[in-house]
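# Results of the structural survey
Below, each chain spelled out in residue letters.
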Amino acid sequence: MSTVLLEEQLKDPSENLNFSGSFGYTDATYTEDSEETGVTAGQRIVNTPRMTASLLGQYLFPVADGYQGYIQGNYQWTDDIYDPDAGRGIPKRDAFGTLGLRFGVQHENWEVVVFADNLTDERGMLFKYINQAAGVDPFIADTVGVIRPRTYGITLRWNGGD
């Protein structure tokens with residue numbers, strides 16, 4: 001069962017300030033035992049966070065005639081994830097959250113954005129593959145995937161439509 005409990009957008013009376021957010025809850029478990037995979041009924045589904053949440057705030061402001069500026073902040077959070085292979089003897093991957101910030105200017109069909117993602121430089125684990133030969137063969141190791149580290153950049157967009 002997967003349920004989005006909250007997904008909302010709010011605006012202030014001036015329509016320059018926007019907020020949105022969401023909260024998801026997933027109660028996912030196996031319904032039957034499986035000898036082949038070692039799964040037992042009632043066990044949490046592997047690689048599925050129980051809860052997720054996100055928040056976004058954006059402030060719009062005029063920069064010059066025909067130019068629209070904005071500043072935007074966002075936070076995304078993922079709960080602990082059950083994963084019997086997340087580490088030797090550790091049956092879960094820890095919860096993590098990321099914080100981002102954007103400043104942009106738009107004009108007709110183009111946009112320039114300066115951004116910073118994962119400002120706190122969180123190192124949330126996305127997956128870990130335990131290689132059974134790791135530790136025995138020096139050329140074989142476990143494989144770990146983590147979220148992208150703190151990243152800064154500039155994005156230029158142009159819409160060549162109509």
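### Description of the overall build of the protein chain
Within the protein chain one finds 0 helices and 11 strands. Going from N to C terminus, the protein chain has its helices and strands arranged as β-β-β-β-β-β-β-β-β-β-β. In the protein chain, once contacts between residues fewer than 6 apart in sequence are set aside, the share between residues at least 24 apart is 50%. With an accessible surface of roughly 11000 Å², the protein chain has 55% of that area assigned to carbon and sulfur atoms.

### Quick word on the environment of Gly57
As for its placement among the helices and strands, Gly57 is situated in strand E3 (residues 51-64). Overall, Gly57 belongs to the buried group, its relative accessible area being 19%. Separated by 39 residues in the primary sequence, Gly57 and Asn18 place their C-alpha atoms 5.7 Å from one another. When neighbours within four sequence positions are excluded, Gly57 is seen to be in contact with Asn18, Phe19, Ile71, Gln72 and Gly73.

Scoring rules and cut-offs
Residues numbered from 1 in each chain as written. Predicted model: local features only at pLDDT ≥ 70, side-chain atom pairs only at ≥ 80, totals over all residues. Heavy atoms only, no water. Helix = DSSP H or I, 4+ residues; strand = E, 2+ residues; numbered from the N terminus. Contact = heavy atoms within 4.5 Å. Areas by Shrake-Rupley, 256 points an atom, 1.4 Å probe, with all protein chains shown as cover. Buried < 20%, exposed > 50% of the residue type's maximum accessible area, 1.4 Å probe, protein only.

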